[in-house]
Each structure stands twice: as C-alpha cells, then as structure tokens.
Amino acid sequence: MNRNVILFLLCTALLFACFGCNLPRNQRFERIYYDVFDTVTKLSGYAESESAFGEQADKVYAQLHAYHVLFDIYHDAPSGTNLKAINDAAGGDPIAVDPQIIDLLLFAKEVDEQTNHRVNVTLGAVTKLWHDAREAALADPEHAVLPDAQLLREAARHTGFDKLELDESAGTVRLTDPLARLDVGAIAKGYVAQKVSEQLPDGYLLSLGGNVVAKGTKPGGSAWTIGIQNPDEPSALLHTIRAENLAIVTSGDYQRVFTINGISYHHIIDPDTLTPAMRWRAVTVLCEDSAVADMLSTALFLMDYETGSSLAKRYGADALWIAPGGTEYRTDGFGAYQKN
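Analysis parameters
Residues numbered from 1 in each chain as written. Predicted model: local features only at pLDDT ≥ 70, side-chain atom pairs only at ≥ 80, totals over all residues. Heavy atoms only, no water. Helix = DSSP H or I, 4+ residues; strand = E, 2+ residues; numbered from the N terminus. Expected span 1.5 Å × (residues − 1). Buried < 20%, exposed > 50% of the residue type's maximum accessible area, 1.4 Å probe, protein only. Contact = heavy atoms within 4.5 Å. Axes fitted to C-alpha atoms, helices over the stretch in contact; angles between N-to-C directions. Parallel < 35°, antiparallel > 145°, perpendicular 65-115°, else oblique. Left-handed = near helix turned anticlockwise from the far one by under 90°. Pairing = 2+ DSSP bridges. Polar contact = N/O pair within 3.5 Å; in protein donor to acceptor, adjacent residues only side chain to side chain. Phe/Tyr/Trp six-rings, centres within 6.5 Å; stacked < 30°, edge-to-face > 60°. Salt bridge = Lys/Arg side-chain N within 4 Å of Asp/Glu carboxyl O.

## Thoughts on helix α5 (residues 124–139)
Residues spaced three or four apart along an α-helix point in a common direction, a consequence of the helix completing one turn every 3.6 residues. Spanning 16 residues, α5 covers 22 Å between terminal C-alpha atoms, matching the ideal 22 Å at 1.5 Å per step. Among the residues making up α5, those that are buried are G124, A125, V126, T127, W130, H131, A133, R134 and A137. Looking at the buried side of α5, the elements it contacts are α6 (149–156), β11 (258–260) and β12 (263–265).

Pasting the structure below:
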C-alpha cells in the first residue's frame, strides 16, 4: 500500500474518531421530589444533556402534582374539585369532577369486585380512624391509643360501593351516605405511576413512594436493577429484580407504622377485622401495569397464598410473599425476574 493511501486512511480514521467524540452521549440524571403524595419520589433517566432531562423531569413533576391535588383527601384543591370535595359533599348533591377522578373510581369499582371487596376505596370512614390514631401517636407517643372498636364497627356501616354514585356522562360523583368517605391510598400511587410512565420515553425509571416503573431498558439494552427490601431490616435487600417495561410494588407491615406498648400497627387495614392485617410481613408484585401491581400488592397482603396466587395469575402478574418468620412463597414465574 503506498504512502499516500496510508496517510489518507489514517486521516479518515482520526476524522471519524474526532467526530465521534462530539456525538451526544446519553448520561444518567436524577430528580427527587418530596411534595407529592406525602412520599419520596425519584425520577432517574438517560438523556443527551442535563437540560433535556430537566425538560422531561419538569413534565413529570407537573403531572404528579396535578394528580396529587386531584386525589388528595386531606386538603382542598386550589381550584376545581378533588376527592376531599367529594368527601365533604357526602350526602348532598352530585358534584362535577375531573375525568381522571371518574377514571380512577371506575378502576376502583372493578378492583373492589375482582378482589371480593378486599381492596375497597369506600373504606375511608374506617381508615380515617386509623389515620387519626397514627397521627396522634406520632405526635404524642406517651398518650397513643388505638381506635375504639365500637367506633370502627360503626364506621364500617358507612362503607360499600352502594353508597357511591358515578355518572360518566354527566361527569359527576356523589356519596349518598353523609358519613361515607373515600380513601384511594391502596391504588392511587400505582394508578398515577402508570399514567405518568406512559408519557415517558424508554430509559427512565420512576419510583413514586416505592411504586417503581421501569420504562424500557438502559442505553445498550441492559435491564434496570430493583431491590426488594428485607421487612426485618428495610435498609437491606432480600432479592434484586431485573426490570424492563415492568412495575414493581411492595406492600409491607413496616410502612406507616406507629407503636403502642411495644406493638406496631401498620396502615393496611383488613376489612373483615377492621384492624391491620397480620398474615404477611410483605408482598411484592411484578406486573406490566403499575395500577394493577399496586392494587394486587394490597389485595395479596390481605389474602391467603392460594387465593392471592390465583388472583395474581388472573392478571398475568408474579409475586413474592414474606411470612412472619421469614418464610418465602412465590408464583412460578417470579424466579425469571431475579438477578443472579
């Protein structure tokens, strides 16, 4: 090969090498929010620049905040109506609401039917007593008390979807019982994470208070790695999961806890006993749809293994149950997601 040809090839190679140096490269960025759904929200993703990621993150935050206001049962909406407005108007006339509220409540009605009323957003009159007890206990541990059993039984009389009227055509909602209340805590974060993730490009990971959605893969095709906490030591991991276009949601008895006389009480209330469920320490669900994964994690936490595994199969989901004492149960397909 003559000298001129060699020089031409070398120059060409250097030119392409330098051109490659200037090509945009995907980098990983993160944003953390503390003011939506009373939890920590983390968005991770790969983008060509920090400004490109920031633009996407701003869109995500705007969506999260809008849903946070709509589904809030404790604070008035700055404008329009939200779930608190529905609760406040219980026993009165129907009120016009945002279509997303109608959509969420229609999903909630389906969930109630499919779980045999285990996941019931009309249980708000009961969960409010537990919420108030928890808030009081955290504020003044020395004087903490459990909700009165008689008050819980009375509150349970004001639950059930027969007390909720949804008019899709008119876009209105009405609680017919003045003492009925909605509480969408068992499904809202999963529903919102699903809706928000549907607008995300591949290469993003959203964690909304532990409701995790992995959108696509990382650049290069590698899956995201998600850890499953140890209920006895939440800072430690029991398993790691390979996630690609997957939602991962855990319900556990170590979340939102208060203690009285050395006994811990968590926030997942069994509609039969009207007290925190004691069957499992934690249940993790893997599913393509975050809304389904969220409701299943609660439903399976309230069911025996046979009933829960049958329900998970019906939705095409896989799950891991941790029993008191640490014994693990899992669906047949769960192991395929585990990282070696």
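On we go from here.
## Thoughts on the packing of helix α7 (residues 188–197) against helix α8 (residues 290–301)
Axes are the key here: two packed helices are described by the angle between their axes and the distance separating the axes. Orientation of α7 relative to α8, taken along the N-to-C sense of each, is 165°, at an axis distance of 7 Å. By the angle class used here, α7 and α8 are roughly antiparallel. In this structure, the crossing between α7 and α8 has a hand that is right-handed. Of the residues in α8, those touching α7 at A188, K189, G190, Y191, A193 and Q194 are S290, A291 and D294.

## Describing the sheet that holds strand β10 (residues 246–252)
Taking strand neighbours across the sheet as the criterion, the eight strands line up as β1-β2-β6-β7-β10-β13-β14-β15 in an open arrangement whose pairing is antiparallel. The sheet is open, and its two edges are formed by β1 (27–36) and β15 (328–330), each paired on a single side. The mean inter-strand angle of the sheet, taken between neighbouring strand axes irrespective of direction, is 10°. Where β1 lies against strand β2 (residues 39–47), eight bridges are found, and the strand directions are antiparallel. Residue I32 lies in a different strand from β2, and its bridge partner there is K42. Sheet strands in contact with helix α2 (residues 50–70) are β1, β2 and β6 (204–208), and its direction is about 25° off that of β1. Strand contacts of α7: β2, β6 and β7 (211–215), with the helix running at about 20° to β7, the strand carrying the most contacts.

## Quick word on the environment of T259
Considering the arrangement of structural elements, one finds T259 in strand β11. Among the polar contacts listed, one links the side chain of T259 to the side chain of S264, at a separation of 3.4 Å.

## Concerning the packing of aromatic side chains
As enumerated under the stated definition, the model contains 14 aromatic pairs in all. For the pair Y67 and F71, a centre-to-centre distance of 5.7 Å together with 35° between the ring planes defines the contact as tilted. Using a relative accessible area of 11% as the deciding quantity, one classes Y67 as buried. Assessed through its relative accessible area of 5%, F71 is described here as buried.

## Brief notes about the pairing of β7
Burial analysis of β7 places five of its five residues in the buried class, the great majority of the element. Burial along β7 is two-sided: N211, V213 and K215 facing one way and V212 and A214 facing the other are all buried. The pairing of β6 with β7 spans five bridges and is antiparallel. Note on β7: the bridge partner recorded for L205 is A214. Hairpin connection of β6 to β7: two residues between the antiparallel strands, including G209 at a positive phi of 60°.

## Quick look at the sheet that holds strand β5 (residues 172–175)
Reading across from one edge, β3-β5-β4 is the order of the three strands in this open sheet, with antiparallel pairing throughout. Edge positions in the open sheet fall to β3 (95–96) and β4 (164–167), since each of these has one partner strand only. When β4 meets β5, the two strands line up antiparallel, connected through four bridges. The partner of L166 across the bridge, within β5, is V173.

## Considering the pattern of salt bridges
Between side chains of opposite charge, a pair can form when the charged atoms approach closely. In the structure shown here, the tally under the stated rule is 15 salt bridges. Close ionic contact of K84 with D88 constitutes a salt bridge, the shortest N to O distance being 2.7 Å. Here K84 pairs with D88, and both are found in helix α3 (residues 83–88), just four residues apart, close to one helical turn. For K84, a relative accessible area of 16% corresponds to the buried category. Salt-bridge contacts for R118 lead to D272; the nearest nitrogen and oxygen are separated by 2.9 Å. Of this pair, R118 sits in the loop between α4 (99–114) and α5 while D272 sits in the loop between β12 and β13 (282–287); the two residues are 154 residues apart in sequence, bridging distant segments of the chain. Accessibility expressed as a relative area gives 61% for D272, which makes it exposed. Residues joined in a network through salt bridges with shared partners are R28, E30 and K42.

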